[in-house]
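Summary of the model geometry
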Amino acid sequence: MNKQTIRHLIEPEDFTIEELNEVVALGKKMYEAPEKYKEACKGKILATLFYEPSTRTRFSFETAMLRLGGSIIGFSDANTSSVSKGESIADTIRCMSAYADIAVMRHPKEGAPKLASHYASIPIINGGDGGHQHPTQTLTDLLTIKMYKDTIEGHNVAFCGDLKFGRTVHSLIRTLARYNTKKFILISPEELTLPDTLKRTLKEDFHVELQEARYIEDVISQIDILYMTRIQRERFFNEADYARLKDSYLLNQSKLSHAKKDMIVMHPLPRVNEIAYDVDDDPRGVYFKQAELGVYVRMALITKLLGVDVSC
Amino acid sequence: MNKQTIRHLIEPEDFTIEELNEVVALGKKMYEAPEKYKEACKGKILATLFYEPSTRTRFSFETAMLRLGGSIIGFSDANTSSVSKGESIADTIRCMSAYADIAVMRHPKEGAPKLASHYASIPIINGGDGGHQHPTQTLTDLLTIKMYKDTIEGHNVAFCGDLKFGRTVHSLIRTLARYNTKKFILISPEELTLPDTLKRTLKEDFHVELQEARYIEDVISQIDILYMTRIQRERFFNEADYARLKDSYLLNQSKLSHAKKDMIVMHPLPRVNEIAYDVDDDPRGVYFKQAELGVYVRMALITKLLGVDVSC
Amino acid sequence: MNKQTIRHLIEPEDFTIEELNEVVALGKKMYEAPEKYKEACKGKILATLFYEPSTRTRFSFETAMLRLGGSIIGFSDANTSSVSKGESIADTIRCMSAYADIAVMRHPKEGAPKLASHYASIPIINGGDGGHQHPTQTLTDLLTIKMYKDTIEGHNVAFCGDLKFGRTVHSLIRTLARYNTKKFILISPEELTLPDTLKRTLKEDFHVELQEARYIEDVISQIDILYMTRIQRERFFNEADYARLKDSYLLNQSKLSHAKKDMIVMHPLPRVNEIAYDVDDDPRGVYFKQAELGVYVRMALITKLLGVDVSC
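Residues numbered from 1 in each chain as written. Chains lettered and ligands numbered in written order. Predicted model: local features only at pLDDT ≥ 70, side-chain atom pairs only at ≥ 80, totals over all residues. Heavy atoms only, no water.

Named according to an unreviewed UniProt entry, chain A is Aspartate carbamoyltransferase originating from Anaerosolibacter carboniphilus. Annotation of chain A in UniProt includes, under Sequence similarities (unreviewed entry), the sentence "Belongs to the aspartate/ornithine carbamoyltransferase superfamily. ATCase family." The UniProt entry for chain A carries the following text under Subunit (unreviewed entry): "Heterododecamer (2C3:3R2) of six catalytic PyrB chains organized as two trimers (C3), and six regulatory PyrI chains organized as three dimers (R2)." (UniProt positions renumbered as here; feature names shortened; annotations may be inferred.)

A few words on the relation of the copies chain C and chain B. By a simple turn and slide, chain C fits onto chain B: the slide is 0.0 Å along the axis, the RMSD is 0.0 Å, and the turn is 120 degrees. In the structure described here, the two chain copies are related by an operation that fits a three-fold rotation axis. The C-alpha atom lying nearest the rotation axis in chain C is that of C:Ser71; the distance is 5.1 Å. (Least-squares fit on C-alpha atoms with pLDDT ≥ 70 in both.)

Listed by partner, the interface residues are 26 residues for chain A and 25 residues for chain B. The interface formed by chain A and chain B contains five salt bridges. In this structure, B:Lys42 engages A:Glu39 in a salt bridge whose closest nitrogen and oxygen atoms are separated by 3.8 Å. Inspection of the region where chain A meets chain B yields nine residue pairs in polar contact (both at pLDDT 80 or more). (Contact = heavy atoms within 4.5 Å. Salt bridge = Lys/Arg side-chain N within 4 Å of Asp/Glu carboxyl O. Polar contact = N/O pair within 3.5 Å; in protein donor to acceptor, adjacent residues only side chain to side chain.)

So, on to the side chain of B:Arg298. Residue and element names in this part refer to chain B. Of note, Arg298 is situated in helix H11 (residues 287-306). Of the buried charged residues, Arg298 lacks a salt bridge, with Asp141 as the closest side chain of opposite charge at 8.2 Å. Reaching out from Arg298, the side chain makes a polar contact with the side chain of Ser60 at a distance of 2.7 Å. (Helix = DSSP H or I, 4+ residues; strand = E, 2+ residues; numbered from the N terminus. Buried < 20%, exposed > 50% of the residue type's maximum accessible area, 1.4 Å probe, protein only. Lys, Arg positive; Asp, Glu negative; His and termini not counted.)

Residue and element names in this part refer to chain A. Taken in spatial order, the five strands of this open sheet run S7-S6-S5-S8-S9, and their pairing is parallel. Of all strands in the sheet, those bounded by a partner on one side alone are strand S7 (209-213) and strand S9 (264-266). Ignoring which end each strand starts from, the neighbouring axes of this sheet average 20 degrees apart. Of the pairings in the sheet, the one linking strand S6 (residues 183-187) to S7 comprises five bridges and is parallel in character. What sits directly across from Ile187, in S7, is Ala213. (Pairing = 2+ DSSP bridges. Axes fitted to C-alpha atoms, helices over the stretch in contact; angles between N-to-C directions.)

Before going further, it helps to examine the packing of aromatic side chains. Applying the stated criterion to the full structure yields 18 aromatic pairs over all chains. Between A:Phe159 and A:Tyr227, the ring centres sit 5.5 Å apart and the planes meet at 40 degrees, which makes this aromatic pair tilted. Within this pair, whereas A:Phe159 is found in strand S5 (residues 156-160), its partner A:Tyr227 is found in strand S8 (residues 225-228), the two being separated by 68 residues in sequence. We note that A:Phe159, like A:Tyr227, is buried. Within the aromatic cluster, the residues linked to one another by ring pairs are A:Tyr51, A:Phe75 and C:Phe59. Here the guanidinium or amino end of B:Lys304 rests over the ring plane of B:Phe15, the centre of that ring lying 5.5 Å away. (Phe/Tyr/Trp six-rings, centres within 6.5 Å; stacked < 30°, edge-to-face > 60°. Lys NZ or Arg CZ within 6 Å of the ring centre and 35° of its normal.)

Structure follows, in structure tokens:
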């Protein structure tokens, strides 16, 4: 590939709405008829460069590449790689460009995948960088919304839990703002509200309606899409606050009884305590399906970045 | 697959004698003509979920799947996976069901693979859970006996070493009891004899003859199949007992000289000190062949659980 | 394969000059037309046994095997394998022989791959053993010289940096001595000069001209091939010596301005401080291309050792 024409996915903003829609639509087609694409990436190699632990994202990418007929190299722990010898990301990625056809990088430091993309001669996908971005989770979320609500536009979308630190939330909320989302409902304890700068961007640049709430119960009846996230104990100043608040951000059947019949509950997983097990069998709880859809949207993304012809 | 009809292998008792025989017979056919099956699992993915270290079991499964034309995802160390974020086994396996077509799990806690099987929508194989069960080692052992002794039934089978803790021994002895084994000869120091409850089961439920011995020399001339196991230093109350006893449970050419010419020596491996290197070149020492046969019986198991048609 | 006829590559001396040339020539053909060989090792399995961390060597081998249509099993960290249970290398490799068709081993102890080869019934490749040998890096270096200088013979070859401990340098220098190298120029601080025994061998057995230098500047104008290596801080007796010397062994554009126009700069990578980033865009800096060529020469080696017919 000519270095000038290589496309990367570092943050959702790297793709236009048309491109996001294209990937989502292709992901849907791949979900519906995966057999058609089983040789699409035959002979191609994906490098999975995971500088911090992950199961879901790594497996989702590996499964995606294997379902396309491709192969995998990579590491799941920086300690078992040369990185421990002090090599720069620039040098690592220049060598990886000689080994693989496309790479996904997860890194604890914000900006690492962006830096890598400057030196790569293959497409780089950001698999999560610190608290910053997680664009393939956003693609997964978009496909899930598309599958269950038919359109990505026009919904009341609520985010519940830790809205201050979650990279998943920030990536998705910025992207849904670019779609014609009706209203964002932000449910969190005071300590973990969405950052002011991001709120300002949503209001001033995207003119989207924001509503804030402290309790799920107060707003659940209005919600079309409820996006749950983990609340981490370490985020709280003291144990008493955590103990007092955690139940408010636990979704269970009792709270769900006030929700719309066609609301969907999403979660990037892994969950810890924030969704009760009694929600798992409710048809509105789509988080495991969401994980499954992540494979197909990543298949679509890989073929797009590799420039593989999938018009079959 | 319909969740109701999914088969798992958590312990050997999950299979009838007919089913065990079917897997062993297919393993034998695969060993004799592996080329015939090289595309049997094309497009299928095996997940290897190893929550504790292993080489042999993991590689044996991976080789089995690759020789069938399938692919692998997985982890060999729980620290490089999301498990470290506190996710439950139930949630992990529900996601894995979206990525892979079949999974093998090794876990330090007894019952973990069983629990996983309740939430999985793909077949789960127990790759060893704590001191509990190791059913694919048992299948390997059955195929080895079949190959060298022609029948699994009717032999004098001796177990030597640590009979108290070894999951391999317990799985195999329970299974051979279901076959028409002539006699079990149990050779161990007093500290490491077979648990009383298991002895009772063997006698009362299976009416199998049991003979106990302290020294290999005393019984070796009667044995058809000698199953050796590691004796771990930590199992002893004091160093003096260990030093005194360890040589009694070391098999060497001198002891072997009193054995039948067609006796076979098996070992689940890895060995440490319990079989002298001078036994390696004796045709009765079949433990490396046993490791090799493990690949083929796992190939047979994978095709059976996936419902792949291998009638070729 | 018949155990007698199995070939291993433990050190470059295991191959005649004719065989080295054959692998280099095949590597060049594979680089020029990789598509032709994409099914050459279909159905074959390479085991990557890395008892110490590596990225480049492991990925280079994995990519090589995948580009030939083969598959991979292995570990990248001895702690996640049975080795931690005290199994001998002899036993490990006997089992691996049942799983894989060929294996590459990296080990911190000198001689471990050699030992393994005695017990293996599959070809063993030394992927680096302690400070001893790294024969596939040497093959990579030979192919790089062939590609850029047309012949391996007849050049002024300089080695710069740590000439005392680097296994890469020792493997290559011994091999180039077997070719008709014009002169070796050895540039290093006094603390890190080439071992006397090796110097004696070069002079007495190979009658090759040796020139020693303390500074790159003094000799750079004569050099055809400049092989750079890392200087590790720990090698110095005191910090003051390190601080004083490290800049002398840093290659940058200023020093490069005195070099021949067609000199090439090689490096086994990873680099840390010894080549300035301003050299990366100079056409003489071929170290990333060198890493790329390593894949193709390993493809050639794998097919040779497996006895695969690649006459296409």
